[in-house]
Structure formats: structure tokens, C-alpha cells
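# Coordinate inspection notes
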Amino acid sequence: MIPVTSFADQKVAVFGLGMSGLAAARALLAGGANVACWDDGDVGRNKAQHAQLPLVDLRHANWSDYSAFVLAPGVPLTHPEPHWTVRKAKQYDVPILGDTELFFREHKKQGSQSKIIGITGTNGKSTTTALVAHILATNGYNTQMGGNIGKAVLELDLLQDDAFYVIEFSSYQIDLTPSLHPNASALLNITPDHLDRHGTLENYTAIKARIFTQLEDGDTAVIGVDDAYCQKIADNLKGKLAVHHISTEHSVDNGIYAKGGTLHVMEQGRETSQISLAGMSSLRGAHNWQNAGIAYHVLQGVGVSHDEIAKGLQSFSGLEHRMQEIARLGDVLFVNDSKATNADAASKALSSFEHIYWIVGGVAKEGGIASLTEFFPNIEKAYLIGEAADAFSHVLAEHNVAYQNYGTIEGAVAQAAKDAAQSQASEPVVLLSPACASFDQFPNFAKRGDAFCQAVKILYLDSKSNYS
């Protein structure tokens, strides 16, 4: 834990008692603050009580006593409307902060020489964060990873001068971190997402761009430039920063052009080195080439060598639920991409494989799967699950894609496996890449991915004659 001493002997309110809220409350108490915890739900309050954290009903508290208000990132700050605690804080001019803001304040207060790498983007940020941390750890560096992945940032080990803190930031967290200042910052991409929380794509884009706002001379900015929103942000980066552009679509003057599974490292329009990703199944596809390019330059920005990065890339095994190759039965490859909760995320897997037996559906995002039609030639057959099944069936039928409605993952996996086993292709792929949220059938994408893995496991337990 990182004790937060910035509010020692002061009263601080904390609302939203999930992982980050509980961590913030513990860290503030350890640093000497007088903490008042609250949550709208019994589950959060029970967790706080079990952890012996002080509960105070903030609806009836004297907000003029509080020096700060720590808000969990999942609680609405602005849209669709400010939470009642946000209104209270603004009414009494109480600063609204997140747990990541507490981390940066403590880092500055202690004068820590540790390095901070901040990573954000609509898609791919968790894989890139894990990849960066893996490369550091593989090479023996003191590595701490958290934020929007794994541990809450204040649950990481004490600030140490030799440590590297690799932090994934959601847009919600950036919105609550006015002191955000990593040594190396990365923005992977921007596509429409979380507009219910930010109102407009313009607001969402502006929040993501704050990952670079406070960078200073000598800091490093790394940005994917294959979408218009990020390209515009890149064009506006000023100062004596080390700015690196990452593209899988065109060459760049400074940064990495990733093509055909090779990272081409460019400086002032000249190629200086290469790294081949050939044979690295966990880094398959153009989106993962971009992830690797982002990782390369944020690590270079904090002093990690080319050879160390190349070594770490070779042993990266990927993340659960993100194009995770979980099994092979005969020639059939089973891939769990449950984290693909929107069409843009699903496009990464659909573009990375051929001869796909696609399990798709759930709670559809705006636009559904209409944007994925360019990848339909890769699909042998689709297996529809969840509430989006009827709507998606119309799109598939219009484009002559074979499909069946199975409703559940278990039924879809069993049929897809049977069909794939009859394929003459060298590597038919049963792919769960839902392009949808999971909330109609599962509490989150991870539970959905676990259900897919369990269904595949059952196939192993059965004789192959059942599906060959």
C-alpha cells in the first residue's frame, strides 16, 4: 500500500466502495487523514464495515468540513447527470479527486525518483499495459502495475526510487486526475465509447488527450495515429517532448511503422532498427503490432534498451479474454476474445484470422455490427447469442453470411466446434468476439469468457467423435 499523507489531519470524504474506493480509504487512513466512507449500495458499505473503515452517511454530513472528496471512477461525474455526491461537493467547493490523483500527489510530495508510465486508449490499453510491465519484469526491473488493470494504484508497493509504475488509465480516471504527469504517456486510439458518461465524442477525446497535458521537456509522448482523433491530438503536441507516432497503415518520420508483423523503428524519416513479431501468437494482428510499437517507445522513454524490449516481447503470453488462444482440438483453434465489447474491438480479431466460426452477440453498442462488413468474408458462419441476436441476424443475412441463433454460449460453442471440425482449412477458428456488452447474460466480459472456456473444456472431456 502507498499511504497518502497529503491530507494528514484533514477530513476527506470517499464515495464508491469498490476496489479503488476501498484502497483510497485505506491509504488515506494510513497517511493520517480523517476519512468518511459511503456507498449507495449495501455491498460496498458491508465491505467497508468488514475492513473496519469508518462509515458516514454523506447525505447528512457537513460537507464544509471536508478538504477533499475522493470519487470512485465508476460514479458519474458529469453524464448522464452528476451523482448527488458530486453536486454536494460542488455546492461546498470541495475538490473532487480520484485515487490516481492521490497517487500523483503523493509521488510529488515525496519527491520520488520512480518512473511512471501512463497508458490509455479506447481499445488495447490493458494488453499494452500488461506488455510493458511484462517486458520490465522480464528484464529484472522493479515493476508495479495497476490502475484500471489488476490492483488499484494505491495498493501497489510503497514508492521506491528504483521502481517503474505502469498505470492503465480509463477516461473516468483521467477525468479525476488533474495532476496527471507520467514520465512517458501513451494514447493508443480513440473510437466512440462511453458516450453515456462523457456526453459527446468531443468531450471523450478531450479527456483522453489529457494524458499528455502536463508533460514537460524530457518526457515522452507516444500516440497511435491511425484514427483522425489521435492524429489531430498528435499534430497539436508542443514543446521539447520526445513525440513518437505509431502506425500500422503508413510510414512515420519518428516512431514505428508496423507492417507484416515487423516493427520498423524510424528516426527523422530513416529506419534505424527492426523487431520481428513473427511466431508470437499473443501479438497476432495489426492492433497488437500497434500495442508492441507503443510499448517499445514508452519503454525507450524511461531508459529500457532495444535488446531488453525485444527479449520481453518474445515471452509475452497475452491477457485473458483478449484474443486468448485457449485450446486446439485437431486443427481447430479456440480463441476467447470476450473483452471485445464493441464492434471496433471485435474488428481486431476478425481481421487477424481467416475461416472464422464466429460467436457474437449480447447487449449491442450503438451501430451494432454494421461497421464490420469488410471482415465478413473471413467468416464461415456466425452463432448468435444474447439479446442482439435478432438485429444481428438481419445484418448477416443482408451480406449472405451463414448464421444460426443459439441464444447461449454453450450451445454456440458445441455447434461451432462441430462445424469447424468439418472444415478443409488448415486452421479453422472458433472465435468468441461478441462485439457487445455482456450484461444480458453475464455480470461482465470476464464471466462471459470463462463460460466460453468452460464450454471448450467440456469438449475436451468428451470423445472427439462427438464433433469430428
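Note that the structure is a prediction, hence the values are computed from the model and not measured.

Attention now goes to the overall build of the protein chain. The helix and strand inventory of the protein chain stands at 15 helices and 21 strands. The C-alpha radius of gyration computed for the protein chain amounts to 23 Å, which stays within 12% of the reference 23 Å derived for 468 residues, consistent with globular compactness. With respect to the principal axes defined by its C-alpha atoms, the protein chain has extents near 70 × 55 × 40 Å. Looking at the 468 residues of the protein chain, the share that counts as buried comes to 56%. For the protein chain, restricting intrachain contacts to residue pairs at least 6 apart in sequence, the fraction spanning at least 24 positions comes to 66%. When the accessible surface of the protein chain is split by element, carbon and sulfur atoms take 47% of a total near 19300 Å². In the protein chain, the 35 positive side-chain charges and the 50 negative ones have mean positions that sit 4 Å from each other.

With that out of the way, let us pick up the side chain of Asp 337. With respect to the element layout, Asp 337 can be found in the loop between strand E15 (332-336) and helix H12 (343-350). Of the side chains with opposite charge, Arg 322 lies nearest to the buried Asp 337, which makes no salt bridge, at 7.5 Å. At 2.9 Å, the side chain of Asp 337 forms a polar contact with the backbone nitrogen of Met 323. The contact partners of Asp 337, leaving out residues within four places of it in the chain, are His 321, Arg 322, Met 323, Ala 345, Ala 349, Leu 431, Leu 432, Ser 433 and Pro 434.

This part is about the pattern of salt bridges. A side chain of one charge can pair with a side chain of the opposite charge if their charged atoms are brought near each other. One pass over the full model with this rule turns up eleven salt bridges. Note that Arg 105 is salt-bridged to Glu 101, the shortest N-O span being 2.7 Å. With a gap of four residues between them, Arg 105 and Glu 101 both fall in helix H4 (residues 99-110), about one helical turn apart. A salt bridge links Lys 381 to Asp 419; its shortest N-O distance comes to 3.1 Å. Of this pair, Lys 381 sits in strand E18 (residues 379-385) while Asp 419 sits in helix H14 (residues 409-421), and the two are 38 residues apart along the sequence. Each member of the pair, Lys 381 as well as Asp 419, carries the same accessibility label: buried.

We now examine the packing of helix H5 (residues 125-138) against helix H10 (residues 286-301). The description of two packed helices rests on the angle between their axes and on the distance between the axes. Running from N to C, H5 and H10 cross one another at 50°; their axes reach a closest spacing of 9 Å. Looking at the two axes, H5 sits oblique to H10. Two packed elements cross with a definite hand, and for H5 against H10 that hand is right-handed. Contacts between H5 and H10 involve Thr 127, Thr 128, Leu 131, Val 132, Ile 135 and Leu 136 on the former and, on the latter, Asn 288, Asn 291, Ala 292, Ile 294, Ala 295, Val 298 and Leu 299. For the contact of H5 with H10, the residue count by class is nine nonpolar, four polar and no charged.

A few words now on unusual backbone geometry. Cis rather than trans, the peptide bond between His 79 and Pro 80 has omega equal to 0°. Structurally, Pro 80 can be placed in the loop between strand E3 (68-71) and helix H3 (84-91). Phi at Asp 93 is positive, roughly 55°, even though this residue is not glycine. Position of Asp 93 relative to the elements: it lies in the loop between H3 and strand E4 (96-97). By relative accessible area, Asp 93 is classed as exposed at 69%. Despite not being glycine, Gln 268 shows a phi value in the positive range, around 50°. By the secondary structure assignment, Gln 268 is in the loop between strand E12 (262-267) and strand E13 (270-276). On the basis of relative accessible area, Gln 268 is assigned to the exposed category, the value being 74%.

Next up on the list: the layout of surface pockets. For the second largest pocket, the calculated volume is near 280 Å³. Lining the second largest pocket are 13 residues, and of these Phe 104, His 107, Lys 108, Ser 179 and His 181 lie nearest its centre. In terms of residues, the lining of the second largest pocket owes the most to one element, H4, which gives four residues. Considering only residue class, the lining of the second largest pocket consists of three nonpolar, six polar and four charged.

Right, let's get into the packing of H10 against helix H11 (residues 306-314). Where H10 contacts H11, the axes come no closer than 10 Å and their chain directions differ by 145°. As for the relative orientation of H10 and H11, their crossing is right-handed in sense. Contacts from Ala 292, Tyr 296, Leu 299 and Gln 300 of H10 reach H11 at His 306, Ile 309 and Leu 313. Across the contact of H10 with H11, the residue classes break down as five nonpolar, two polar and no charged.

Regarding helix H9 (residues 228-235), the residues found buried are Cys 230, Ile 233 and Ala 234. With its buried residues spanning 100° around the axis, H9 presents them on a single face. Opposite the buried face of H9, at more than 90 degrees from it, the exposed residues are Ala 228 and Lys 232. Summarising the contacts, the buried residues of H9 are in contact with strand E8 (184-187), helix H8 (201-209), strand E9 (220-224) and strand E10 (242-247).

Before going further, it helps to spend a moment on the sheet that holds E18. Strand order in the open sheet formed by six strands is E14-E15-E20-E16-E18-E19, and the pairing between neighbours is mixed. Edge positions in the open sheet fall to strand E14 (324-329) and strand E19 (403-407), since each of these has one partner strand only. In this sheet, neighbouring strand axes are inclined to one another by 20° on average, regardless of whether the strands run parallel or antiparallel. Packing against the sheet, H12 makes contact with strand E16 (356-361), E18 and strand E20 (429-432), and its axis sits at approximately 170° to E16. The strands that helix H13 (residues 389-398) touches are E16, E18 and E19; relative to E18, the one it contacts most, it runs at about 160°.

Reading the values: the criteria
Residues numbered from 1 in each chain as written. Predicted model: local features only at pLDDT ≥ 70, side-chain atom pairs only at ≥ 80, totals over all residues. Heavy atoms only, no water. Helix = DSSP H or I, 4+ residues; strand = E, 2+ residues; numbered from the N terminus. Rg over C-alpha atoms; globule rule 2.2 N^0.38 Å. Buried < 20%, exposed > 50% of the residue type's maximum accessible area, 1.4 Å probe, protein only. Contact = heavy atoms within 4.5 Å. Areas by Shrake-Rupley, 256 points an atom, 1.4 Å probe, with all protein chains shown as cover. Lys, Arg positive; Asp, Glu negative; His and termini not counted. Charge placed at Lys NZ, Arg CZ, Asp CG, Glu CD. Salt bridge = Lys/Arg side-chain N within 4 Å of Asp/Glu carboxyl O. Polar contact = N/O pair within 3.5 Å; in protein donor to acceptor, adjacent residues only side chain to side chain. Axes fitted to C-alpha atoms, helices over the stretch in contact; angles between N-to-C directions. Parallel < 35°, antiparallel > 145°, perpendicular 65-115°, else oblique. Left-handed = near helix turned anticlockwise from the far one by under 90°. Nonpolar A, V, L, I, M, F, W, Y, C, P; charged D, E, K, R; others polar. 1 Å grid on protein atoms, 1.4 Å probe; cavity = no way out; pocket = protein on both sides within 12 Å on 5 of 7 lines; lining within 4 Å. Points joined across faces, edges and corners; volume = space filled by probe spheres on them. Arc of directions from axis to C-beta. Pairing = 2+ DSSP bridges.

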